[in-house]
Structure formats: C-alpha cells, structure tokens
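Topology and contacts: notes
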Amino acid sequence: MRIAFVGKGGSGKTTLSALTIDYLKKTKLPILAIDADINMHLGGLIGFDNNTKLNISDSDSIKKIKTYLKGDNNRIKSLVEFRKTTPPNSLSNFVNLSNKDDYILSNYVIKKDNIYLMNVGTYEKGEIGASCYHNNLAILENILSHLIDRDGYVVSDMVAGIDAFAGSLHAQFDILFLSVEPTRRGVDVYNQYIELAKAAGVDNLLFVIGNKIKNEKDKDFLKSFIPENKIVGYLYLSEYLSDADQECSPLDIDKIEENNMDLFFNIGKMINSITPDLKSRFKKLYKLHKKYVSQDSIKDRFGDLTYQIDSTFDPSSI
Ligand SMILES: Nc1ncnc2c1ncn2[C@@H]1O[C@H](COP(=O)(O)OP(=O)(O)OP(=O)(O)O)[C@@H](O)[C@H]1O
Ligand SMILES: [Mg+2]
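The rules behind the values
- Residues numbered from 1 in each chain as written.
- Chains lettered and ligands numbered in written order.
- Predicted model: local features only at pLDDT ≥ 70, side-chain atom pairs only at ≥ 80, totals over all residues.
- Helix = DSSP H or I, 4+ residues; strand = E, 2+ residues; numbered from the N terminus.
- Rg over C-alpha atoms; globule rule 2.2 N^0.38 Å.
- Buried ≥ 20, exposed ≤ 12 C-beta atoms within 10 Å, placed from the backbone.
- Contact = placed C-beta atoms within 7 Å.
- Pairing = 2+ DSSP bridges.
- Axes fitted to C-alpha atoms, helices over the stretch in contact; angles between N-to-C directions.
- Core = buried A, V, L, I, M, F, W, Y, C linked by C-beta atoms within 7 Å.
- Near = placed C-beta within 6 Å.
- Nonpolar A, V, L, I, M, F, W, Y, C, P; charged D, E, K, R; others polar.

Now for the overall build of the protein. Secondary structure assignment for the protein yields 11 helices and 10 strands. Whereas a compact globule of 318 residues would reach a radius of gyration of roughly 20 Å, the protein reaches 19 Å, a difference of no more than 12%. For the protein, the proportion of its 318 residues judged to be buried stands at 43%. Restricting to contacts in the protein with at least 6 residues of sequence separation, those with at least 24 account for 76%.

And the structure:
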C-alpha cells in the first residue's frame, strides 16, 4: 500500500506524513518512509538523525541503483535509455519491502525498527543553475515502478506544488492525501489538484485532509468547496505540534490531542479498505511512458523507446 502526502508549501505534508508513519508503525509491518522534498525534514520528525547525507539522487547512487534495477532487462540497452517512465519486466530486479537483505534497502535507506527512511536528496553543487528537482525525482520514479510493497507501507512526503504530476509519480501511489488549509489559497490549490488528478485519471485516489483547523467555521468553509466524501478528516491546530516544532523534537502520535486522533483512525480505515490495483497502476505507467517517449527530444536521441514496454510481463507475478 502506497500513500503520498501532497499539497501547498507549509500546508502540513511533512507533519501528516510523520504522524501517519508513527501511527502505522504499530502494525510492525515494514514502512518505507520517503522524503521526496528538496528540504529534507521527514527524518528528523520520525526520529532519525536529520544530518544524514545518504540519498538516492546523487550521480553515483543513480548509476548503481539503475544498474541494479535493470538486472537482465534486455529492453534497456544502456543506462541512459533507462528513463523515468521505463517499466520493469520479468528480468528486472525489484526492491522488495519484505526482504531484509534487499540490495536497495541495505544500501540506500537508513533503518530503525520497522521503518526504512529513503531520502531523495537535493541538488549537487554542480547542478546549481543547470537542473530542476524533476531530475532528482526521476530515480524515485524508477524505484517505485520496481517496488514490491505487498506486505508493507510506503509513505511519501512529496515536494510542495504539482511536481507529482510532471512525471509518473501521481500514478505510482494507491492514495494521494492532499493537505488543505481553510483559506482561499488552500481551496485554490485543491481545485488545481483535482483538475490535474482528473486529467491524469487519478481523481478517485485523491483525498483531502483539512489542516490547521481552528473551529467548526473552518470545517464549514472547506465543506463549502470540497465534497464531503473527499474529506478524510481534520487535523486541528495543535499546541503539541507547535511545541514539537519549536523544540525540534520527533513527533509521537500518542502525544497528539484526542480531537486529532479521529483523523488517523480514518486514515487507517481508508488504507485498510483499499486493495492496490496493480493492473491499473501499470496501465497508467505504460500510458505515461508512451507519452514521455513520444517527445521529439527523446525520439531524436534514442529512437523508439515504446519497445521497453513488455506486454508479456504480468505485474501480479512479482
Ligand atoms: N495542525 C497543526 N497544528 C499546529 N502546527 C502545525 C499543524 N500542521 C502543521 N503545523 C506546522 O506548520 C508548519 C508547516 O508544516 P509542515 O512542515 O508539515 O508543512 P509542509 O507542507 O511539509 O511544508 P513544506 O512545503 O515547507 O515542506 C510546521 O511548523 C508545522 O509544525
Ligand atoms: Mg515538508
């Protein structure tokens, strides 16, 4: 089960990701916690040393991770042809959340109890002025398309804004939680997201969490713009959270105010009620791959990469 927290800058993505991870931790199932933000904060909030430099998007890591994932997949002729939307086939190597000796989990994440922290990472010095965060996110797209998460959870704290829609990320999750503050700007961002999600065919996966709620009026404000069946719940403005922020301490779900617990019960219920739809996920991935490789810049450089889609590959077999 893969969930991602998306939304406007400062709306609460990292806070909600960290609390959800702490909530799910009690299941004892492996949890891949992904910090997919340029400013890495998730680790600190879930009790990891925030100064770690380990990440998946420096050039050496990208090369090694791609080489591993490619495995014997002969539809990828060279690493430069391993693009962000390149799908796996039965000869690829996969990242398996249930395998303690997994190569990626052993080398590119930091482990604590049942939590694996994966940092996407930020720009390298040489990339300043010559790159954008999409390039860092591309290796995450590769990992997610080659990830087996049947017996665990993936919780991703995404970069602010709509970057998730620039690549295949929006199609790689089972639920997208959008945190929305009870403000005009918050509602504008909701409208923008729902439009993009509709265009991408994932609006059925997008749900809203009202954050920094002060009172019934704030809830009514959100409900006047967002259908109630889209709202999973509310996180009230919390003294515990602002204290934890000022003290830079990790978040503990057991310390959150009682009125804020309903949200996590709802998130838990929702996660348990959804069966990941692998077939539909791969169908979307193939569609995005075809779209991506149809660009002139890709065709001119590599020829026809639609060949990378192996129609004999059955995702449920992995
Ligand atoms: N319900 C809440 N009550 C009190 N403070 C909150 C609440 N939700 C979030 N905050 C605070 O708001 C600030 C922004 O939250 P957070 O870092 O989770 O947002 P974000 O969406 O991840 O931001 P960014 O886009 O910068 O990554 C933090 O200081 C956090 O402690
Ligand atoms: Mg954040």
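Now, onward.
Read across the open sheet, the 8 strands follow the order β4-β5-β2-β7-β1-β8-β9-β10; overall the sheet is mixed. Unpaired on one side and paired on the other, β4 (110-112) and β10 (231-236) mark the two borders of the sheet. Put simply, the sheet's adjacent strands are angled 20° from each other on average, direction ignored. As judged from the 3 bridges shared by β4 and strand β5 (residues 115-119), these two strands associate in the antiparallel manner. Each residue of the ladder has a partner; that of K111, found in β5, is Y116. In this fold helix α7 (residues 216-223) packs onto β8 (175-180), β9 (206-213) and β10, with an angle of close to 150° to the strand it touches most, β9. Strands in contact with helix α9 (residues 261-273) are β1 (2-7), β8, β9 and β10; relative to β10, the strand with the most contacts, it is inclined by about 155°.

Turning to the nonpolar core, a few remarks are in order. In terms of nonpolar packing, the biggest core is built from 76 residues, with I31, A33, L140, I143, L176 and L178 touching the most fellow members. Apart from residues no more than four positions distant in its own chain, L176 is found in contact with A4, V6, H170, V202, L205 and L206.

What follows deals with the site of ligand 1. The environment of ligand 1 is formed by 18 residues, the closest being G9, K13, T14, T15 and D245. Partitioning the shell around ligand 1 into residue classes produces 4 nonpolar, 10 polar and 4 charged.

Not every positive phi belongs to a glycine, and K28 is a case in point at roughly 70°. Checked against the element boundaries, K28 lands in the loop between α1 (13-25) and β2 (31-36). The phi angle at C248 is positive, at roughly 55°, despite the residue not being glycine. With respect to the secondary-structure elements, C248 resides in the loop between α8 (239-247) and α9. We classify C248 as exposed; it has 10 C-beta atoms within 10 Å.

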